[in-house]
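Observations on the model geometry
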Amino acid sequence: MERPGAGGINSSECENVSREEETSEEFEANAMDSLTDMPFATIDIKDDCGITDVPHTNWERSKENERISKDQIKKRKKKQKDYQPNYFLSIPITNKEITRGIKILQNAIIQQDKQLAKAMTSDGSFHITLLVMQLLSEDEVNIGIGALLELKPFIEEILQGKQLILPFQGIDTFGNQVGFVKLAEGDHVNSLLEIAEAAKRTFQEKGILAGENRSFKPHLTFMKLSKAPWLRKKGVKKIDPEFYEKFIGHRFGEEMVHRIDLCSMLKKKQSNGYYHCESSVVIGDKNGGEPDDAELVRLSKRLVENAVLKAVQQYLEETQNKSKPGDGSSVKTQEADRNGTDSDNNRK
């Protein structure tokens, strides 16, 4: 005997629906779970037997969004994998008391092991790295210069009109591979950390790959074994603490920060030993560095030069395309020249 149909639906239809419900139960559960965050998740589409179904188009859209999300994650990971910093923000160390003290330290170490001479930071290169980044073209370098100029008001806001003075005292290493002069403790450390964070944020907002995974630790490098890889073959695998033990508590002096430079790691250094500098901003006392107006002129000049170079390149490309064999415009030009010559001959 057949049971009465519910809501006017006959038994065969409900049996079919029951079988469909059993076979698709797991599919529907998974589908609804993946769509709970979507704007259309609260809309139920019901058939005559009261079964909630997921629209086919919405399911396809969800799968497409998931695929796009995975592609974006892959691209982001590839970018991070290919990330090789080649530029950095530098605070140059110019106080002669500090540089003289570092030279005495370096000479003391070299006297104990002459091989380490090649591992020493060269004269004129002493600096604190504020931020590292990757700039792969002239356009990106220009963007970096713009970011550096935009950073200046943030620095002024952090310093509130005060000079940033960095006192250096003592020696430490990174894994006995990099030797550096330590920055003494004090309020200046917090100011420097704030500036470094503002720099990272400003450059990243411009779309520049910048920063490192490890936390920022300001330091003044005076030697690194990686500068002379052949030392490892000769048995020099670490910096012996005994080499610098007499300088553990040495006061090297104070640096009044007056400038932040955008420098290249790879381009040829300047004649004074300092890194190739693309641009600078002066902070604090302007007498210590280049005036801001001059920096703006340098940036404007660079932008004009790049614009002219692009225009010349575009003109050369168009000229080459027109002169290619079989080019209609070239044929038309030749015909016009011939017609003009014929007309001149007829007038003669």
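Per chain, the residues get numbers from 1 upward, laid out in the order the sequence is written. Selection of residues for local features in this predicted model requires a pLDDT of at least 70, selection of side-chain atom pairs for listing and counting requires 80 or more, and totals for whole chains, interfaces and linings are taken over all residues. Derived side-chain values reflect all non-hydrogen atoms in the structure, with water molecules and hydrogen atoms excluded from consideration.

Attention now goes to the sheet that holds strand β7 (residues 209–210). Read across the sheet, five strands follow the order β7-β4-β3-β10-β11 without closing on themselves; strand pairing throughout is antiparallel. The open sheet has two free edges, formed respectively by β7 and β11 (277–282), since each of these has just one partner strand. Here strand β4 (residues 127–134) runs beside β7; their pairing, made up of two bridges, is antiparallel. Residue Q134 lies in a different strand from β7, and its bridge partner there is L209. By the convention used here, residues are in contact when the closest approach between their heavy atoms is within 4.5 Å. With axes taken as lines fitted to C-alpha atoms, and helix axes fitted only over the stretch in contact, angles between N-to-C directions fall between 0 and 180 degrees. Helix and strand definitions follow DSSP, with helices as H or I runs of at least four residues and strands as E runs of at least two, each counted in order from the N terminus. Here helix α4 (residues 138–159) sits on the sheet and contacts β3 (87–92), β4, β10 (259–264) and β11; the angle it forms with β11, its principal contact strand, is near 15°. Lying on the sheet, helix α5 (residues 187–205) is in contact with β3, β4, β7 and β10; it crosses β4 at an angle near 20°. Strands are treated as partners if at least two bridges between them are detected by DSSP.

The next point concerns the side chain of H188. Note that H188 resides in helix α5. Among all residues touching H188, those that are not within four sequence positions of it are L164, I165, L166, P167 and L183.

With that settled, the discussion passes to a nonpolar patch on the surface. Exposure above 30% relative accessible area and the absence of a salt bridge qualify a residue for a patch, where like charges join within 9 Å and nonpolar side chains (Val, Leu, Ile, Met, Phe, Trp, Tyr) within 5 Å. Every accessible area reported is derived by Shrake-Rupley at a probe size of 1.4 Å, with residue values counting cover from the shown protein chains alone. Any carboxyl oxygen of Asp or Glu within 4 Å of a side-chain nitrogen of Lys or Arg constitutes a salt bridge here. Taken together, the side chains of V312, Y315 and L316 make up a nonpolar region of the molecular surface, amounting to roughly 310 Å² of accessible area. Here Y315 shows up in helix α7 (residues 292–322). A residue is classified by how much of its surface remains accessible, and Y315, at 56% relative accessible area, is exposed. Three labels apply to residues, based on accessible area from a 1.4 Å probe with only protein chains included: buried if under 20% of the type maximum, exposed if over 50%, partly exposed otherwise in between.

Moving on, we come to unusual backbone geometry. The phi dihedral of Q160 is positive, around 55°, even though this residue is not glycine. Since its relative accessible area comes to 61%, Q160 is described here as exposed. In the Ramachandran plot, N176 falls in the positive-phi region, its phi being about 60° despite a non-glycine side chain. The exposure class assigned to N176 is partly exposed, which follows from its relative accessible area of 24%.

Moving on, we get to the nonpolar core. Residues enter a nonpolar core if they are buried and are Ala, Val, Leu, Ile, Met, Phe, Trp, Tyr or Cys, with the set joined through side-chain atoms within 4.5 Å. Ranked by size, the top nonpolar core spans 57 residues in total, and within it L89, M133, F168 and I260 carry the most contacts. In terms of nonpolar packing, the next biggest core, distinct from the first, is built from seven residues, C263, Y274, Y275 and C277 among them.

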